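Here is how the chains run, residue by residue.
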Amino acid sequence: HEAVQERRNIEVDLRAALKRNELELFYQPLVSIETSEIIGYEALLRWNSPKRGPVSPAEFIPEAESLGLMTTIGGWVLEQGCQTLAEWEKTPELRHLTLSINVSTSQLMHEDFVDFVHETLVKTRALPERLILELTESVLVTDIELVIAKLIALRALGITLSLDDF
């Protein structure tokens, strides 16, 4: 009973976190091995709950995934990340930077994902060649033909794709 109640509490808190802007993106630098210069950043999602304090992504992301919230949360991350890319484009010293964003399998497999990515790029005016979508290897154990079709469509938009933790 306690486990079920805690799961329900996390679901309520996560939904509220989206409405109250409790989720944040932090940007971890990606450094070139050859030049030691920053070549881009990876967006890291964090949740600082007023009730729970800082919640580890290892705790809330699997919960969000199991509750079916990752499409919404991942959409927010993509929008925020693309807005950041568009802002970087306005500053000559930052124009060359890329941004890597993790995409969950459920997010990728959502029927409107490719259209959502395209619409987000258009709306934010972020350059697709500066966006890197990182997929986990778990995406390879789903409907491979559908995954390939989506990856081809994303590449056609000019986005770079990478496998994370592979």
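Below or above, wherever it landed, is the structure these notes cover. Quantities reported herein were computed from a predicted structural model and do not represent experimental measurements. Residue positions are given per chain, counting from 1 as you read along its sequence in written order. In keeping with the predicted nature of the model, local features appear solely for residues at pLDDT of at least 70, side-chain atom pairs appear and are counted solely at 80 or more, and the whole-chain, interface and lining totals rest on all residues. To get the side-chain values, take all heavy atoms of the structure and skip hydrogens and water.

The rule for a salt bridge is simple: a side-chain nitrogen of Lys or Arg has to be within 4 Å of a carboxyl oxygen of Asp or Glu. Tallied over the entire structure, the rule returns nine salt bridges. Its salt-bridge partner being Glu79, residue Lys123 comes within 3.7 Å of it at the nearest N-O pair. Note that Lys123 is positioned in helix H5 (residues 113-124) and Glu79 in helix H3 (residues 70-89), a separation of 44 residues in sequence. Overall, Glu79 belongs to the partly exposed group, its relative accessible area being 22%. For the salt bridge of Glu89 with Arg95, the shortest nitrogen-to-oxygen distance reads 3.9 Å. Exposure is judged per residue with a 1.4 Å probe applied to protein chains only, and the accessible area is read against the type maximum: over 50% gives exposed, under 20% gives buried, and values in between give partly exposed. Here Arg95 falls in the partly exposed class, since its relative accessible area comes to 37%. Here the salt bridges do not stand alone but share partners, grouping Glu6, Asp13, Lys51 and Arg52 into one network. Only DSSP runs of H or I covering at least 4 residues are called helices, and only runs of E covering at least 2 are called strands; the numbering of each starts at the N terminus.

Time to look at a negative patch on the surface. Within this analysis, patches are made of residues with over 30% relative accessible area and no salt bridge. Like charges are joined at 9 Å or less; nonpolar side chains (Val, Leu, Ile, Met, Phe, Trp, Tyr) at 5 Å or less. Every accessible area reported is derived by Shrake-Rupley at a probe size of 1.4 Å, with residue values counting cover from the shown protein chains alone. Positive charge is attributed to Lys and Arg, negative charge to Asp and Glu, and no charge count is given to His or to the chain ends. Where a charge lies is defined by one atom per residue type: Lys uses NZ, Arg uses CZ, Asp uses CG and Glu uses CD. Together, Glu111, Asp112, Asp115 and Glu119 line one region of the surface with negative charge. If you trace the backbone, Asp112 turns up in the loop between helix H4 (105-109) and H5. What makes Asp112 partly exposed here is its relative accessible area of 39%.

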